[in-house]
Each structure stands twice: as C-alpha cells, then as structure tokens.
Amino acid sequence: MTDERRTTPRADIQALRAAAVLAVVLYHLWPHRLTGGYVGVDVFFVISGFLITSHIARDVDAGRFSVSRFWSRRILRLLPASLLVLGVTALGVWALAPVQHWGQWFREIAASALYAQNWVLAADAVDYLAAGDVPSPVRHYWSLAVEEQLYLLWPLLIVLVLALDRRLRGSRHATGWRATAVGVLVLVVVASLVASVVWTGADPAYAYFITPTRAWEFSAGALLALAPSMTPSAARSATARAVAAWSGLAMIVFSATLFTGTTPFPGAWAAVPVLGTVLVLGARASDRFTGRLAGLPPVRFLGDVSYAVYLWHWPLIVLVPYVTGHDLRTGDKFAVLAATLVLAWATRRWVEEPVRRRRSRVRPWPAIVSAALIGAVVAGISLTATYTAREHVRNELYAATAAAATGAACFGAAARPPQGAPCANPDLAGTAVPAPDSVAEDLPAPFAESATDRCASTGRETTEPVVCERGDRTSGVRIALVGDSHAAHYASALVGAADAEGWSLDIYAKAGCPFSDAVRVQDDVLTAACVEWVDRTEQVLLDGGYDLVVTSQMSGVGWVPPRPATSAGTSQAWAEDRLAALWQRLATEKLPVAAIADVPRPRPDVVECLTAPDVDLTTGCRTPRGDATRAFDPQRGAVDRLDRPDVVLVDLTDVYCDARECLPVIGGVTVYRDADHLSDTFAGTLAPYVANALAPLLRAGS
C-alpha cells in the first residue's frame, strides 16, 4: 500500500520550499532589501494544494480514501511542531515581553492554537483602535491558519466531488472523478480569484489575511495535481519542461525582489508567484543545472526543515530585542538566522521525525480528539494570561483616575500653563500615570469599551453620525466636538470644560475621517464612508442649534489630489482649501469654529521607551521640538485663509513642549497612549486651557 509517509520528496519541491522559506525569512530580517519576500507564503500555498490533492487522489484511486484518516495525518504532521513553538513562545512572552503586550499577544497565541489567527488579524486590520498594535511573535501563524482551514474543507470537497460524479455517471465505481474535480476546482479558482481582486481593491488590509482570497492559490496547486492525467505525455518534452521551470522561477524571483508593501496584494498580482510556482511544479524539470541545484545539500536541508524554520524565525525576531535591549542589528540578525536553523534542525530531528515514524500506528479519531484537546488547553492558558493582563491594566487605569481626582498641584497639563511659568510637584517626580505598560488602554470615552454609550465609529463602512451626549443637557450653550480620533482624544478636555462652565456637549467622531471636504488617502471602503459621514455630520451640525463647533484632525497624512487638477496646486494646498470651505459654510450660518492644532508627534516607540527598565521618566524619551511639530496640519493654513474672528486655532503646543523638546511625561502623567494619540488622563488635565480658549468665541456669539 502506498502512503505519503513512504513517498520520497521530489527534489524540485524541496528546492521550492527552500526558496519560499528563505524569501520569507530574509524579508522579515531585511524588509527593505527583499521587499516582496512575503510571496514565499503564496508559493507554500500552491505547494500544499498540489501535494495534498496528489495524496488524496492516490487514495481515492486505490479505494482507501478516508476523511478522518486525512485529518489525522495532517494533525500528526503539523501540530506537534506548531504547538511546541507556540508553547515556547508563550513562555518567552511571559518572561520577556512588557505587560502592555500581553493582552494582544496571548489572545493571538490562543487564536493560533485554534488555527483562527488569520481571522483575528483580519478583524484587527479593520479596527482603527488596533492599528497601533505591535506585531506579535505568532503573527506568522496566520498562513498556517489558512492552510489548516483549507485542510479541514478539502477532503469534504472531494467527498462532494465523488458524490456528484457518481450521480452524473450513475455508477458507484466511476473512474472519471478527476474530470469532475477539475470542473469544481475551476469554479473555486475563479470565484476566489475574483473575490481576491475585488476585496483587495476595496479593503486590502482585511483581504490580505482571509481564507476566501487565498483559496484560489491552494486550488491552483490542486488543479495541477489532477491535470497531468488529462495531458498527453508527448506534449511534455524535456526542453519544454526546462523552459517552464526557468520561467516559473523567474516569476517567483521577480515577485520577491520587485514587489513592495505598496503592491496591491493578494489581488491580481498574486498570480505572478502563483503561476510561477505552478510552472515549476508542472515542469518536473531535471536538466543538469536545475537537477544539481535542487540536489545541493544546503538546498535539500533547507527544504527538509522549511516548516520548522517558518515556525521559529518570527518569534526570535520579535523577542530577541527584549533580551538585547535594542532593535535587531546586523549581527543580531545573523544570530537569529543561525538560531532558527539550529532550532529547526532539532525540531525536525526530535519532534517531526519520531511522530512521522509512529504515524501509521495512531488511529485517526484519537489523534483528532487529542489535537483538539491540546489546542483547547493552549488556548485556555493563553486566554487566562490575557485576562490577567487586562486585570493589571484595569487596576492601573483605576489608579490613574484616583490620582487625577486628588487635585494634586501641578498634575498633568497644570504643570505647564500656556502663558505662565512651569511648576513642579515633588510628590509627582519620577512617576507616570497611567503606568506606561497600561496607557495604551487609556482611551477617550467615545472609543472606550467600558463606556456605556460608546459612540465613535471604528468600523470602516459606517456612515451615520452617532452622538455622545455630555455636560449639562439643560444648558443654553451647546457645543459639538467633531472629527477623527485626533478630535476624539480631546473628549475629556471638552467634557471637563463643559462640566466646569455648564455647557451642553455633543461628540461626533469617526476614526480615520477628518471633518473636511478634502479626502484623506485611505482604502476604498473608508474613503467612500468618510465622504458620506462628513456630509451627514455637517447637516446634523447645521440643524442642531449649536453655538460652537470644536474640531481637530490628524496631521502628517496623505490627501487625495483634486480630479481634475485645480489651481489649488499641491494636495496639501487642496487640503487647506477644502477644509476652509467647510468651515466657511458653518461660519456663514453663524456657527463659529475652534480648531485645536494637532498634538506634536513623540518618538514612534514612546510607550516602549517609557517601559524600558532604566528609563528616567522625568527626562527620558523626549523628542526635539522641531521634529515633533514638523507634520503638515491643514488646520493652520485653513484658519489663515479664512482670516475671520469666528474661526480660530487653539494651539497648545507650548503645553507639550518647551523651547527645545517635547515631553512624554508632564506633571506625573503619561502624555501619549501611542505614537500620536493623547492618553485620556492627560487630555482631561487640558480642560481649563480649552475652556479659556473657547470662552471668547461663545461670548462673541451670545
């Protein structure tokens, strides 16, 4: 009886595996050198579809195909090494990673154990609040999740094909099932490829991870596995095979070297590495050069350990900097590469091979149930760690709230009044609340999950403005705060001002959508939704009887240039012009506008810096003022263009920065929750300054 465990691996397939995993590893280590190395994953998808369908086809032809047997083989082939790496990685996260990453990272470890990581990453990719997540050490498990999901479905698809073939042919022993399978697979390829192209164009971040956009790549390999039985052997000459092999290899190399992070992917461009892999596999070339190349010991070794290399390399890349205390340098990268190869060899030698030798003695259903239980245990432990991390964060945020309620002198922004001398409270020296390891969750109420009326939208397709109502609802003074997340992070400042002055406050926020007629560069879904959201929100403001509109927006973003081109010139000039046009319409309807200048940018790793063991919270992790305030903010130019007293700019830069530097901790409060958003605790301490800035506009309009 022929079984996959007795099949000698084809040299060309092992060479393809070696090339694919090398491309991925080099891309992750040197992303600016091999800019398209991520296509190695697509090569693996095609190989997997080809091999798995070949194994199933042989079993079907021999009359021994079994769904449970297929699943148990896959489990014993893939899960032992996968769960080993997950377990070691979980220990590494617990021992090395800062607590602020535990919630996200252990959640992803749990998802990886259940082979649902790709869907978790897809959901995070379209969640604005997850945009600042640090890549976890198990992020690469997304591709394994895609494969496992297809492994779950593939034998069921074959069962459906066999049933369909018997029905069409009227025989229980039909031998032409492959033709029926090819027809079904062609439909799968077409449907999945179309979905991939459409989804990538509309929402590339989501499309990258989900199974429907990748299924056609797997199916392309499956078609190849079935096609040779219907292709005349005479058409496959040695010369034709050599040409096909070299052409396919060139397509893979072209993709790996010339594709970049801006290439729409997977989409139509994924056809290049996929078809290249199909050509190499279909050629089965064995000319002197390709045969010798595939037979080189390093190539064979890397092909043999490719799965383990893929598993180990990324956790090392993510966790080693926590050991060394700095980002990976050239020497560190070579050390990671060497450690990956050693760990991969050991995993192959002492985990994969022993399991492979004993696989025939393991009954299918016990293997399936055992794998499910082990995966559930790993997921349960990881979710427990996630809960522990969330409890820690909750306690730290409670401590920050309590500290703010004490009314300590010079607390937060009170330490740096815009028109006064800085003050210092010795009791706050060397402290930072919320603690930097928890500040990422210090969100404004419109975004906070704990808020009873969370109203800000983080979904890309939402177009309806939803209001958060704050302040004195019976007040005769009505204010609206409107804009993207950089407007929303001033929510506590506006709430504090409204409570102190007796104003009524409504908050309208949509993440990623500046309140402007200009269109920010986004994916197609969010771009269209933002345009509609802005139009609807403007009408709500005009009809709402407000006395003042307060807004802000993220600086340093790209803007869609006008079509056709106008005299406004650059896209930045266009952004200023269209923002001024919107404000002009509001002001014309006797609705004043106060625009709060965007916050200075801290260093991108400001939170990581503040959690370093030996950092000085009083003087460390600062940013030169010139660097922090360099980003283009169209609000400044729009105010200048209008030059009218009822449209003003509120500039609080001197609160965040002295003459030379911008500070990440002010008055014992952590200023930023990520690379560009204020912590909610610090924003609350800005309330007196915001109230003072808005009062003249309200008096003028009364």
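Rules and cut-offs
- Residues numbered from 1 in each chain as written.
- Predicted model: local features only at pLDDT ≥ 70, side-chain atom pairs only at ≥ 80, totals over all residues.
- Heavy atoms only, no water.
- Helix = DSSP H or I, 4+ residues; strand = E, 2+ residues; numbered from the N terminus.
- Buried < 20%, exposed > 50% of the residue type's maximum accessible area, 1.4 Å probe, protein only.
- Disulfide = S-S within 2.5 Å.
- Axes fitted to C-alpha atoms, helices over the stretch in contact; angles between N-to-C directions.
- Parallel < 35°, antiparallel > 145°, perpendicular 65-115°, else oblique.
- Left-handed = near helix turned anticlockwise from the far one by under 90°.
- Contact = heavy atoms within 4.5 Å.
- Phe/Tyr/Trp six-rings, centres within 6.5 Å; stacked < 30°, edge-to-face > 60°.
- Expected span 1.5 Å × (residues − 1).

So, the side chain of serine 438
Here comes step 1: Within the element layout of this structure, serine 438 appears in the loop between helix H16 (364-405) and strand E1 (467-471).
Here comes step 2: Among the residues examined, serine 438 registers a relative accessible area of 1% and is labelled buried.

Some points on the state of the cysteines
Here comes step 1: Counting across every chain of the model gives four disulfides.
Here comes step 2: Covalently, cysteine 410 is tied to cysteine 423 through a disulfide, its sulfur atoms 2.2 Å apart. On the sign convention where negative means left-handed, the S-S torsion of about -140 degrees between cysteine 410 and cysteine 423 marks this disulfide as left-handed. Remark: cysteine 423 occurs in the loop between H16 and E1 and cysteine 410 occurs in the loop between H16 and E1; sequence separation between them is 13 residues.
Here comes step 3: By relative accessible area, cysteine 410 is classed as buried at 15%.
Here comes step 4: Taking the relative accessible area as the measure of exposure, cysteine 423 reaches 32% and is therefore partly exposed.
Here comes step 5: Here cysteine 609 is linked by a disulfide to cysteine 621, with a sulfur-sulfur distance of 1.9 Å. Taking the torsion about the S-S bond as the criterion, the cysteine 609 to cysteine 621 disulfide, at about -90 degrees, is left-handed. Separated by twelve residues along the polypeptide, cysteine 609 in helix H21 (residues 606-610) and cysteine 621 in the loop between H21 and strand E6 (623-624) bring together distant segments of the chain.

Let's talk about the packing of helix H10 (residues 238-258) against helix H11 (residues 271-283)
Here comes step 1: The geometry of H10 relative to H11 is characterised by a closest axis approach of 7 Å and an angle of 150 degrees between their N-to-C directions. Comparing their axes, H11 and H10 come out roughly antiparallel. For the element pair H10 and H11, the recorded crossing hand is left-handed. Where H10 approaches H11, its residues Arg241, Ala244, Ala245, Ser247, Gly248, Leu249, Met251, Ile252, Phe254 and Ser255 are matched on the opposing element by Val272, Pro273, Leu275, Gly276, Thr277, Leu279, Val280 and Ala283.

Description of the packing of aromatic side chains
For any pair of aromatic rings, the description consists of the separation of the ring centres together with the inter-plane angle of the planes.
Here comes step 1: Applying the stated criterion across every chain, the model contains 19 aromatic pairs.
Here comes step 2: Ring geometry for phenylalanine 45 against tryptophan 142: centres 6.2 Å apart, planes inclined by 80 degrees, an arrangement best described as edge-to-face. Taken together, the residues phenylalanine 45 in helix H2 (residues 40-62) and tryptophan 142 in helix H6 (residues 141-169) connect sequence positions 97 residues apart.
Here comes step 3: Three or more aromatic residues joined by ring pairs form one cluster here, namely Tyr27, Tyr38, Phe254, Phe259, Phe265 and Trp269.

Side note on H11
Here comes step 1: Taking 1.5 Å of rise per residue, the 13 residues of H11 would be expected to cover 18 Å, and the 18 Å separating its terminal C-alpha atoms lies within 8% of that figure.
Here comes step 2: Taken together, the buried positions of H11 are Val272, Pro273, Val274, Gly276, Thr277, Val278, Val280, Leu281 and Ala283.
Here comes step 3: In this structure, the buried residues of H11 make contact with helix H1 (11-29), H2, helix H9 (215-226) and H10.
Here comes step 4: Looking one or two residues past H11, arginine 284 carries a phi angle of roughly 45 degrees, positive in sign.

Considerations on the packing of helix H3 (residues 67-96) against helix H14 (residues 306-324)
Here comes step 1: Two numbers describe how H3 lies on H14: the axes approach to 10 Å, and their chain directions differ by 0 degrees. With respect to each other, H3 and H14 are oriented roughly parallel. Across the interface between the two elements, Arg77, Leu78, Ala81, Ser82, Leu84, Val85, Val88, Thr89, Gly92, Val93 and Leu96 of H3 pack against Tyr307, Leu311, Trp312, Pro315, Leu319, Tyr322 and Val323 of H14.

Brief notes about unusual backbone geometry
Here comes step 1: The omega angle of the peptide bond from phenylalanine 265 to proline 266 is 10 degrees, so this bond is cis rather than trans.
Here comes step 2: Within the element layout of this structure, proline 266 appears in the loop between H10 and H11.
Here comes step 3: With omega at -10 degrees, the peptide bond leading from valine 433 into proline 434 counts as cis.
Here comes step 4: Tracing the chain through its elements places proline 434 in the loop between H16 and E1.
Here comes step 5: Backbone geometry at tyrosine 115 places phi at a positive 55 degrees, although glycine is not the residue there.

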